[in-house]
Amino acid sequence: MTRSRMFTVVLSLMVCASANAQSNQARSPGIEALPRDMEMELAASALPKHVRDDATIYVLDPRKGFEVARKGTNGFHALVARTGDDAFRGSWPLTEYPQDVLYPIGFDAAGATTHMQVFFDAAQAQGKGMPAGELKKLIQDRFKTGHYKPPARAGLSYMLAPIMRTYDDPETNPKMSTASHPHVMYFAPNVSGKDIGSGEPGGVYPHIIMPGPHGLIVQALDKKERAAITEQHAGLLQKLCKLKQAWCLPKEQEHH
């Protein structure tokens, strides 16, 4: 190969590499992956202690979506969403993907084949570069058309992690906060708040979210249980806080 020919080939490779880099940068979802061990620990913390060791745990590749980090055997699954399903609720526009959402959630076998698919689809589409507004419309349309089926039997999702950062009231606005809010969500298709004597969100009595075929009864843990979870995961909370200021629990919740 002549020197000029070699120079042409090298130049072509450099141009291709630059174009690919610019393309990848353009479609980057803007989310940094968590350290793998930390992500697995946070995902597992969404589940009760007695089912964690045998559960399937996922980690997120921001450019591809979720992948299995540890295959389980008991039918429970857990992950840390960086765009939660609540981002697709309400009529407010999702104009961009927040970079600091932490949404640890666990599913039983029934939820893993239904509710969990929304998280997988969202992460994959976001990784491929789908604009936030388009993704919100896509997910909402899929709920409306019945693409996403409700669970075939009674069951639940666990959100027992010591921390979460997501939307305060996703039915009305995109305001976000970081909090310790361990709770359990029971599948309650077509059950209304009136049916169960629903209390205020965040209170001691259960309340309904997403009323309709995909409705859920949310039951928060009490103060003593929350304090025990915070203490149990103190080391994890410290590591998350060092990574990002937004992942530090409010002072009033650190010891309660």
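Report on the accompanying structure. (Residues numbered from 1 in each chain as written. Predicted model: local features only at pLDDT ≥ 70, side-chain atom pairs only at ≥ 80, totals over all residues. Heavy atoms only, no water.)

**Here we look at the overall build of the chain**
(1) Moving on: In terms of helices and strands, the chain carries 9 helices and 10 strands.
(2) Moving on: Evaluated residue by residue, the chain yields a buried proportion of 46% over its 256 residues.
(3) Moving on: Accessible surface for the chain amounts to roughly 13,800 Å². Of this, 55% is attributable to carbon and sulfur atoms. (Helix = DSSP H or I, 4+ residues; strand = E, 2+ residues; numbered from the N terminus. Buried < 20%, exposed > 50% of the residue type's maximum accessible area, 1.4 Å probe, protein only. Areas by Shrake-Rupley, 256 points an atom, 1.4 Å probe, with all protein chains shown as cover.)

**Section: helix α9 (residues 234-243)**
(1) Moving on: Among the residues making up α9, those that are buried are Leu 236, Leu 237 and Leu 240. One side of α9 carries all its buried residues, which in axial view fall inside an arc of 100°. When the buried face of α9 is taken as reference, the exposed residues oriented beyond 90 degrees from it are Gln 238 and Lys 242.
(2) Moving on: For α9, the elements touching its buried residues are α2 (36-44) and α8 (223-232). (Arc of directions from axis to C-beta. Contact = heavy atoms within 4.5 Å.)

**Here's the deal with the pattern of salt bridges**
(1) Moving on: In this structure the tally under the stated criterion is 7 salt bridges.
(2) Moving on: Between Glu 171 and Arg 89 there is a salt bridge, with its nearest N and O atoms 2.9 Å apart. You can see Glu 171 sitting in the loop between β6 (164-167) and β7 (176-179) and its partner Arg 89 sitting in the loop between β3 (77-81) and β4 (103-107), a full 82 residues away along the chain.
(3) Moving on: The class of Arg 89 is buried, set by a relative accessible area of 14%.
(4) Moving on: Between Asp 141 and Lys 137 there is a salt bridge, with its nearest N and O atoms 2.7 Å apart. One end of the pair is Asp 141 and the other is Lys 137, both in helix α6 (residues 132-145) and 4 residues apart, which spans about a single turn.
(5) Moving on: Owing to a relative accessible area of 28%, Asp 141 belongs among the partly exposed residues under this scheme.
(6) Moving on: Lys 137 gets classed as exposed once you look at its relative accessible area, which sits at 52%. (Salt bridge = Lys/Arg side-chain N within 4 Å of Asp/Glu carboxyl O.)

**A word on the pairing of strand β8 (residues 183-187)**
(1) Moving on: Counted residue by residue, β8 has 4 buried out of 5 residues, so it is predominantly covered.
(2) Moving on: Across 4 bridges, strand β5 (residues 156-159) lies against β8 in antiparallel orientation. Considered in β8, the bridge of Tyr 158 is made with Val 184.
(3) Moving on: Two strands pair when backbone bridges link them, and β8 and strand β10 (residues 216-220) are joined in this way by 5 bridges, in the antiparallel orientation. Each bridged residue has a counterpart across the sheet, and for Tyr 186 the counterpart in β10 is Ile 217. (Pairing = 2+ DSSP bridges.)

**Concerning empty space enclosed by the protein**
(1) Moving on: For the coordinates displayed, the defined rule picks out 3 cavities of 30 Å³ or more.
(2) Moving on: In this structure, the largest cavity encloses a volume near 100 Å³.
(3) Moving on: Around the largest cavity sit 13 residues that line it, and Leu 60, Arg 82, Thr 83, Ala 123 and Gln 126 are the ones nearest its centre.
(4) Moving on: The element that contributes the greatest number of residues to the lining of the largest cavity is helix α5 (residues 115-127), accounting for 5 residues.
(5) Moving on: Among the residues making up the lining of the largest cavity, the classes are represented as 9 nonpolar, 3 polar and 1 charged. (1 Å grid on protein atoms, 1.4 Å probe; cavity = no way out; pocket = protein on both sides within 12 Å on 5 of 7 lines; lining within 4 Å. Points joined across faces, edges and corners; volume = space filled by probe spheres on them. Nonpolar A, V, L, I, M, F, W, Y, C, P; charged D, E, K, R; others polar.)

**What about the packing of aromatic side chains?**
(1) Moving on: Enumeration over the complete set of coordinates arrives at 7 aromatic pairs.
(2) Moving on: The interplanar angle of 45° and the centroid separation of 5.1 Å between the aromatic rings of Trp 92 and Tyr 167 together place this pair among those described as tilted. Taken together, the residues Trp 92 in the loop between β3 and β4 and Tyr 167 in strand β6 connect sequence positions 75 residues apart. Pair check on accessibility: Trp 92 and Tyr 167 agree, each one buried.
(3) Moving on: In this arrangement the basic side chain of Lys 244 is found over the ring face of Trp 247, its NZ or CZ atom lying 5.2 Å from the centre. (Phe/Tyr/Trp six-rings, centres within 6.5 Å; stacked < 30°, edge-to-face > 60°. Lys NZ or Arg CZ within 6 Å of the ring centre and 35° of its normal.)

**Considering the layout of surface pockets**
(1) Moving on: Space inside the largest pocket adds up to approximately 690 Å³.
(2) Moving on: Tyr 167, Asp 168, Pro 170, His 181 and His 207 are the residues nearest the centre of the largest pocket, which is lined by 35 residues in total.
(3) Moving on: Going through the elements one at a time, β4, α5, β5, β6, β7, β8, β9 (207-209) and β10 are the ones with two or more residues in the lining of the largest pocket.
(4) Moving on: Of the residues belonging to the lining of the largest pocket, the class tally is 20 nonpolar, 9 polar and 6 charged.
(5) Moving on: The calculated volume of the second largest pocket comes to roughly 360 Å³.
(6) Moving on: Around the second largest pocket, the lining is made up of 15 residues, and of these Phe 88, Arg 89, Gln 140, Phe 143 and Met 210 lie nearest the centre.
(7) Moving on: Looking at the lining of the second largest pocket, the element that brings in the most residues is α6, giving 4 residues.

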